[in-house]
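Spelled out from the first residue to the last, the chains are:
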Amino acid sequence: MKRGIKLALVPVTAVLVIGLGAAGGVVLSRDGGAAAIEADLRADATPVVPAVLPVQFYAFDPPLTVNIKDTDAVLQAGVSVSTRDPKVLDALRRDDPALRSAMILAFGDASEAADMSDAGKQQLLGAITGAVNRQLATDGYVGHVDAAYFTDFIVQGGSDDQ
């Protein structure tokens, strides 16, 4: 008789396991658990693509005014810089005086002839970008500006006015 009970328990156990599985499926689908599990699995399979932050600009105001080396000419330049890092934008605001000083020093090696050519202006923009990034690092800020831009560029005096 014991063997008959054991044989009878096999189908009962199978029905019980199938029934519990079905009940669990109903509960999960009713509570949205199955959808949540499926969404989690899809999220794990989707590669994470970092969002590209928009370019932001910071304009140094008022424009910079510097004497051009070895002449009596004066350069007045409006300068803006770009970054994609909001923390760098905040650093530019906080560190404006030190950054202006660094840019004025970068203008110090410019000559009037170089300032007037496109290549000379590009060289100055590169020097400004480097000066700003070095000053930010010196002052303990993390991040950098991507580029510098002239928004105004006026040379007064010098060889044309004499």
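The structure we're discussing is the one just above.
Anyway, here's the lowdown on the structure attached to this text. (Residues numbered from 1 in each chain as written. Predicted model: local features only at pLDDT ≥ 70, side-chain atom pairs only at ≥ 80, totals over all residues. Heavy atoms only, no water.)

Remarks on the packing of helix α3 (residues 86-94) against helix α4 (residues 96-107)
So, point 1. Running from amino to carboxyl end, α3 crosses α4 at an angle of 80°, the nearest separation of the two axes being 5 Å. Here α3 lies roughly perpendicular to α4, going by the angle between them. Touching L92, R93 and R94 of α3 are D96, P97 and L99, all from α4.
So, point 2. Residues that form the contact of α3 with α4 fall into these classes: three nonpolar, no polar and three charged. (Axes fitted to C-alpha atoms, helices over the stretch in contact; angles between N-to-C directions. Helix = DSSP H or I, 4+ residues; strand = E, 2+ residues; numbered from the N terminus. Parallel < 35°, antiparallel > 145°, perpendicular 65-115°, else oblique. Contact = heavy atoms within 4.5 Å. Nonpolar A, V, L, I, M, F, W, Y, C, P; charged D, E, K, R; others polar.)

A look at the pairing of strand β1 (residues 56-67)
So, point 1. In this sheet, strand β2 (residues 74-83) lies alongside β1 in antiparallel orientation, the contact comprising nine bridges. Bridging from a neighbouring strand, V66 pairs with L75 of β2.
So, point 2. Linkage of β1 to β2, two consecutive antiparallel strands, is achieved through a turn of six residues, within which D70 is found at a positive phi near 65°. (Pairing = 2+ DSSP bridges.)

Things to note about the sheet that holds strand β3 (residues 147-156)
So, point 1. A sheet is described by the order of its strands in space; here three strands give the open sequence β1-β2-β3, paired in antiparallel fashion. This sheet does not close on itself; its edge strands, each paired only once, are β1 and β3. Averaged over all adjacent pairs, the angle separating strand axes in this sheet is 15°, with direction ignored.
So, point 2. Its contacts with the sheet place α3 against β1 and β2, and it is angled at close to 30° to β1.

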